[in-house]
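Per-entry structural report
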Amino acid sequence: MSTRLTFAVPSKGRLMEQTAEFLAESGLKLKKVGHDRGYRGEIEGLDGIDVAFISASEIVAYLNSGRAHIGVTGEDLIRENIVDADDRVTLLKPLGFGRADVVVAVPNCWMDVHAVADLEAASVVFRREHGRPFRVATKYLNLARRFLSGKGIADYRIVESLGATEGTPAAGTADLIVDITTTGATLAANGLRVLDDGVILRSQANLVASKVADWSPETTKARDALFARLGISG
Amino acid sequence: MGAVQPVNFEALEAQARTLLSVFIAAGYEAVAPETIQPAGVFLNVVGEALRGRTYVFTDLNGEELCLRPDLTVPTCRLYLQRYPAADREAFYSYNGPAFRFQPTGADASHPREFRQAGIEAFGDKDAGEADARTLVLILRAVQQAGLSAWKLRVGDIGLFDAILGVADMPDRWRRRLRHQFWRPEAFRAELKRLSTEPARSMAGVPQALIDALRPDDPVQAEALVAEHLQASGVELIGVRSAAEIAEGLLAIAADAKAPPLKPETAALIDTYIRTRAPAAEAAAALRRLTGKSSNGLAAAIDAYERRCGLLADSGVDMSGVDFSAEFGRSVGYYTGFVFEVLADALGPSSPVAGGGRYDGLLKAVGAPRDVPAVGGAVHTERLLTVVRGGRR
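It should be emphasised that the depicted structure is a prediction, and the values quoted were computed from it without experimental measurement. Throughout this document, residue positions are counted from 1 along each chain, in the order its sequence is written. Chains and ligands are labelled by the order in which they are written, letters from A for the one and numbers from 1 for the other. Reporting of local features is limited, given that this is a predicted model, to residues whose pLDDT is at least 70; pairs of side-chain atoms are given and counted only at 80 or more, and all residues count toward the totals for whole chains, interfaces and linings.

**Examining the overall build of chain B**
Numbering of helices and strands runs from the N terminus, with a helix taken as a DSSP run of H or I at least four residues long and a strand as a DSSP run of E at least two residues long. When helices and strands are tallied, chain B shows 16 helices and 12 strands. In this description the radius of gyration comes from C-alpha coordinates, and the expected globular size is given by 2.2 Å times residues to the power 0.38. The C-alpha radius of gyration of chain B comes to 23 Å, within 12% of the 21 Å expected for a compact globule of 392 residues. The dimensions of chain B, computed from C-alpha atoms along their principal axes, are 70 × 60 × 45 Å. Residue burial in chain B is summarised as follows: out of 392 residues, 42% are buried. We call two residues in contact whenever the C-beta atoms placed from their backbones are within 7 Å. Partitioning the contacts of chain B with sequence separation of at least 6, the portion at a separation of at least 24 is 73%. Three exposure classes are used, based on other C-beta atoms lying within 10 Å of a residue's own C-beta, which is placed from the backbone: buried for 20 or more, exposed for 12 or fewer, and partly exposed in between.

This is how it looks when you write it as structure tokens:
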């Protein structure tokens, strides 16, 4: 049984800074324990809480397995990586930072494709001309599959892309993409355009609780103390 | 997640030997296609339903591979490795594992690994004969393995093509409906849309360009699209060509002006799709439905009837066989005759054997042209369960 609550916090970059700022607004200060470059920490003045500094995607795995009780991570990562997300975690509070839209984008030159449904007609001709379905490059395999099949689009193939996804249509390794965008500038620079109804998810960082972590009396008490400071009803 | 029942390996092996000996005696050479297949070719030809259930992985060289979800495509690839010109008749049989991801968890009736024993015939000269021979051989094999009672269900994708061929509509709609045939829900939605409101949204489509395009001149259309892109500073990127974009724009323009599908045309397609009849009466029912019609459809109905006759001549009791027009829609590559062997103990969703004609598949995996092909496979674990009198 765990007696201490594990709070998973992004370990680097803007996401870590903004998480620290969010906590600071409630007068809470994150502090590293031991070596300055270490990955363990605590919150000053709150007992019973271990802070784990890990990557945003690892936080999802921690929450899904129950290794972390509470965490800060993006909704996109939650929805992509946990199949039955609403059974495994609770999204407690959107935090107003880490904003990114997960979108379907096609080459701007596809003047005959503006809505997601237009992909179907285009794919019929495409298969006739090229003998294969459209390739959709993405790291959001599950979000893309769920969204496209929900819109009745079936003749496509997902190719996993772990970086520089926006460049894949111009390179010819994919025909369209599902990716995150904040301002759309990177998409535009790569000759891509978001479909009119192509926003899959408007994501941002969330304070998330695991439903499967060990909620012992001690960890529940630590959670309540944290939530009281943050002004959240758990 | 249910527990997977232990399979008696020796009993399964003995059964497989029986099945294979029947196939080999009929002249089907035993082959062992590769278990691990290149993912690209496989995933391009199987329907999305099978694609989402295929185990795909990347090896240490970065090559994308998959565990075969069935043995038909691997056997096609083996045939093409032997005869790249695809100009020979060939008969193959096999027995081996296939792998499918089970989204709701694997159990005894939905295993992630199962063994298929089957046959494939390539390059036949007489489709009806080859279809009948395939089904007869599969039935002989399962009978030899101890199956004493079964129910047969047949269908014919060729009939659907023929119906679509005579239905009064623009070719582009025909292609779209043909494309959606594999996805019943999307098909219904598309048929409804074409019969009510075929015009698609013009939002974002450059009107001046649409007005300038001449439907009868694809070369001019392609040039105009290229000009328009250049003038608006949009780069043509990706694999999709200006000609394809022009074709898409022309289709949007034509759809905007097209009258909806006539009610009788939509009704013909819809009634056909819903047709279920005893196999021996289906031809007559279809002639009543379609009336006096063009050669293409009459020929397809004749071919169906001839095949039924050939099956009866080979000793298949046609009196209990069901015809279903819908049937065959779940696998993306069938083009003609389709069949399923059902056992009471397992019900209609777990056929003991099945197969059909797939004349377009070899070209899709690399043959220089379409090659006639028909095959069938036995789900060996299910067969063993039924023969032993168990329920699942």
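**What to know about the overall build of chain A**
Check the secondary structure of chain A and you find 9 helices and 12 strands. Its C-alpha atoms give chain A principal-axis dimensions of about 65 × 30 × 30 Å. Among the 234 residues that make up chain A, the fraction classed as buried is 44%. Taking all contacts inside chain A whose residues are at least 6 apart in sequence as the whole, residues at least 24 apart take part in 66%.

**A closer look at the interface of chain B and chain A**
Often the size quoted for an interface is simply the accessible area lost on bringing the parts together. Chain B puts 32 residues into the contact, and the matching count from chain A is 30 residues. Looking at the side of chain B that touches chain A, the elements that each hand over two or more residues are α2 (39–45), α3 (48–51), α7 (171–180), α8 (184–196) and α11 (242–257) of chain B. Sorting elements by how many residues they give to the side of chain B that touches chain A places α11 of chain B first, with 7 residues.

**Focus on the sheet that holds strand β6 (residues 89–94) of chain A**
All names here are of chain A. Here, any two strands with at least 2 DSSP bridges between them count as paired. Spatial ordering of the open sheet is given by β2-β3-β4-β1-β5-β12-β6, a layout of 7 strands whose pairing is mixed. Each end of this open sheet is capped by a strand with a single partner; those strands are β2 (30–32) and β6. Strand after strand, the sheet turns through a mean of 35° between neighbouring axes, direction not considered. One ladder, built from 3 bridges, connects β2 with strand β3 (residues 40–43); its direction is antiparallel. By the bridge assignment, Leu 30 is partnered in β3 with Ile 43. Lines fitted to C-alpha atoms define the axes here, with helix axes fitted over just the stretch in contact, and angles between the N-to-C directions of these axes take values from 0 to 180 degrees. Of the strands in this sheet, β1 (5–10), β2, β5 (70–74) and β12 (205–210) touch helix α1 (residues 13–25), which is tilted by about 125° from β1.

**Focus on the pairing of strand β7 (residues 100–107) of chain A**
Residues and elements named next belong to chain A. When you tally the buried positions in β7, you get 6 out of 8 residues, the bulk of the element. When β7 meets strand β10 (residues 176–181), the two strands line up antiparallel, connected through 5 bridges. Within β10, the position partnered with Val 103 by the bridge is Asp 179.

**A closer look at the sheet that holds strand β1 (residues 29–30) of chain B**
All names here are of chain B. Spatially, 9 strands are ordered β1-β5-β6-β12-β11-β10-β7-β9-β8 in an open sheet, and the strand pairing comes out mixed. Looking along the sheet, the strands with just one partner apiece sit at the ends: β1 and β8 (276–278). Pairing between β1 and strand β5 (residues 90–99): 2 bridges, direction parallel. Across the sheet, residue Glu 29 finds its bridge partner in β5, namely Tyr 92. Sheet strands touched by helix α4 (residues 72–82): β5, β6 (113–122) and β12 (373–379). Its angle to β5, the strand with the most contacts, is close to 135°.

**Some thoughts on the pairing of β5 of chain B**
Residue and element names in this part refer to chain B. Of all 10 residues making up β5, 7 are buried, and the element is well covered by its neighbours. Where β5 lies against β6, 10 bridges are found, and the strand directions are antiparallel. When the sheet's bridge partners are listed, Gly 96 is paired in β6 with Gln 116.

**With respect to unusual backbone geometry**
A positive phi angle, close to 50°, is found at Ala 164 of chain A, a residue other than glycine. Positive phi values are uncommon outside glycine, yet Ala 86 of chain B reaches one of about 55°.

**As for the nonpolar core**
The term nonpolar core refers to a group of buried residues, namely Ala, Val, Leu, Ile, Met, Phe, Trp, Tyr and Cys, whose C-beta atoms join them within 7 Å. Counting 140 residues, the largest nonpolar core has Val 136 of chain A together with Val 142, Leu 249 and Val 378 of chain B as the members making the most contacts within it. With 9 residues, helix α5 (residues 127–144) of chain B is the largest single contributor of residues to this core. Formed by 27 residues, the second largest nonpolar core is a distinct cluster that contains Val 60, Leu 207, Val 208 and Ala 209 of chain A.

**A look at the domain arrangement of chain A**
Residues and elements named next belong to chain A. The domain boundaries here were taken from an automatic or database domain assignment. Its domain assignment divides chain A into domain 1 (5–98 + 204–230) and domain 2 (100–203). Using only C-alpha atoms to locate each centre, domain 1 and domain 2 end up separated by 32 Å. Counting residues at the interface gives 7 residues for domain 1 and 8 residues for domain 2. Among the elements that line the side of domain 1 that touches domain 2, the one with the most residues is helix α3 (residues 75–81), at 4 residues.

**Describing the confidence of the model for chain B**
For any part of a model where pLDDT is low, the fine detail of the predicted coordinates should not be relied upon. Residue and element names in this part refer to chain B. Across chain B, the average pLDDT comes to 89, with 95% of residues at 70 or higher. By mean pLDDT, α3 is the weakest element of chain B at 66, and β1 is the strongest at 98. When the criterion is pLDDT under 50, residues 1–5 qualifies, and its contacts beyond four places in sequence or with other chains add up to 10 contacts. With a pTM of 0.79, the predicted complex shows an ipTM of 0.86. Confidence of the prediction at every residue is given by pLDDT, a number between 0 and 100.

**Considerations on the environment of Val 41 of chain B**
Here Val 41 of chain B is to be found in helix α2. For Val 41 of chain B and Leu 65 of chain B, which are 24 residues apart along the polypeptide, the C-alpha to C-alpha distance reads 9.7 Å.

**Observations concerning the packing of helix α10 (residues 218–231) of chain B against α11 of chain B**
Residue and element names in this part refer to chain B. Running from amino to carboxyl end, α10 crosses α11 at an angle of 105°, the nearest separation of the two axes being 8 Å. By the criterion of interaxial angle, the relationship of α10 to α11 is roughly perpendicular. Touching Pro 218, Ala 221, Glu 222, Val 225 and Ala 226 of α10 are Ala 242, Ala 243, Ile 245, Ala 246, Glu 247, Leu 249 and Leu 250, all from α11. Any residue that is not Ala, Val, Leu, Ile, Met, Phe, Trp, Tyr, Cys, Pro, Asp, Glu, Lys or Arg is counted as polar, Gly included; the first ten are nonpolar and the last four charged. Class assignment for the residues of the contact of α10 with α11 results in 10 nonpolar, no polar and 2 charged. Angular relationships are summarised with four words: roughly parallel below 35 degrees, roughly antiparallel beyond 145, roughly perpendicular across 65 to 115, and oblique for the angles in between.

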